[in-house]
Amino acid sequence: MDRLIEAALAARENAHAPFSNFRVGAAVEDANGRVFTGCNVENATYGLTLCAERVAIFKAISEGARKFVRVAVVADTDSPTPPCGACRQILWEFCGDVELVLTNLHGQTETVRLGELFPRPFDASFL
Ligand code: THU
């Protein structure tokens, strides 16, 4: 199995999702082949919940990684789950038009570019 998907699957095991019971794992790979993982971390206020994708990318940034080549997301859904709108914005900021590998627990995998899911983004080029 693709090691990035494997990493996302393992991270999903750590999901803190007592409110939705929807467990998500993510993994980002940087240009040096380093892999950073994340799971969703929910909060009793709901609104402070962090998605797996943002946890993974923030961990990577805080560890000094800057150039990213792939992002994998794993959830237990019929068809592979795409990142939410907030995560698309954050991923665009740090990864640009990166390759996204979306997978479910049945091994169905879909590969898309972030730009396909997030056309006409607002970013630093407007500032
Ligand atoms: N969630 C993610 O972690 N990533 C996604 O791509 C979609 C949603 C989380 C947030 C929340 O903890 C739960 O899934 C239900 O929305």
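What comes next concerns the included structure.

Cut-offs applied
- Residues numbered from 1 in each chain as written.
- Predicted model: local features only at pLDDT ≥ 70, side-chain atom pairs only at ≥ 80, totals over all residues.
- Heavy atoms only, no water.
- Phe/Tyr/Trp six-rings, centres within 6.5 Å; stacked < 30°, edge-to-face > 60°.
- Helix = DSSP H or I, 4+ residues; strand = E, 2+ residues; numbered from the N terminus.
- Buried < 20%, exposed > 50% of the residue type's maximum accessible area, 1.4 Å probe, protein only.
- Contact = heavy atoms within 4.5 Å.
- Axes fitted to C-alpha atoms, helices over the stretch in contact; angles between N-to-C directions.
- Parallel < 35°, antiparallel > 145°, perpendicular 65-115°, else oblique.
- Left-handed = near helix turned anticlockwise from the far one by under 90°.
- Nonpolar A, V, L, I, M, F, W, Y, C, P; charged D, E, K, R; others polar.
- Core = buried A, V, L, I, M, F, W, Y, C linked by side-chain atoms within 4.5 Å.

Let us look at the packing of aromatic side chains. Across all of its chains, the model carries 3 aromatic pairs by this definition. For the pair F19 and Y46, a centre-to-centre distance of 5.6 Å together with 45° between the ring planes defines the contact as tilted. Remark: Y46 occurs in the loop between β2 (35-39) and α2 (52-62) and F19 occurs in the loop between α1 (3-12) and β1 (24-30); sequence separation between them is 27 residues. A relative accessible area of 42% means that F19 is categorised as partly exposed. Aromatic side chains F122 and F126 sit 5.5 Å apart centroid to centroid with 15° between the ring planes, which places their arrangement in the stacked category.

What follows concerns the environment of L50. Within the secondary structure, L50 sits in the loop between β2 and α2. Taking C-alpha positions, L50 is 9.9 Å from H16, a pair spaced 34 residues apart along the chain. When near neighbours in sequence (up to four residues on either side) are disregarded, L50 contacts C39, N40, V41 and V55.

One non-glycine residue with positive phi stands out, namely Y46, at about 65°. On the basis of relative accessibility, which here comes to 57%, the residue Y46 falls in the exposed class. At R120, a residue that is not glycine, the phi angle is positive and equals roughly 55°. As for its position among the elements, R120 is in the segment after α4 (114-117). R120 sits in the exposed class, given a relative accessible area of 82%.

Two elements in contact, α2 and helix α3 (residues 85-95), have axes separated by 9 Å at closest approach and are oriented at 25°. By the angle between their axes, α2 is roughly parallel relative to α3. Between α2 and α3 lies a crossing whose hand is left-handed. Side by side, α2 and α3 meet where E53, R54, I57, F58 and I61 of the first sit next to A86, C87, I90, L91, F94 and C95 of the second. Split by residue class, the contact of α2 with α3 holds 9 nonpolar, no polar and 2 charged.

Now for the environment of I5. As for its position among the elements, I5 is in helix α1. The exposure class assigned to I5 is buried, which follows from its relative accessible area of 8%. For the pair I5 and T109, spaced 104 residues apart in the sequence, the C-alpha separation amounts to 9.4 Å. Those residues within four positions of I5 in sequence are excluded, and the remaining contacts are A72, V74, V101, T103 and T109.

This brings us to the nonpolar core. Core analysis: the largest hydrophobic core is formed by 23 residues, its most contacted members being V28, F68, V71 and L100. Looking at this core, the elements with two or more residues in it are β1, α2, β3 (68-75), α3 and β4 (99-104). Here this core takes 5 residues from α2, the largest share from any one element. Excluding its chain neighbours within four sequence positions, the residues that come into contact with V28 are L4, R34, V35, F36, A56, I57, A60, F68, R70 and V71. Within the second largest apolar cluster, 8 residues are counted, among which are I5, A7, A8 and V74.

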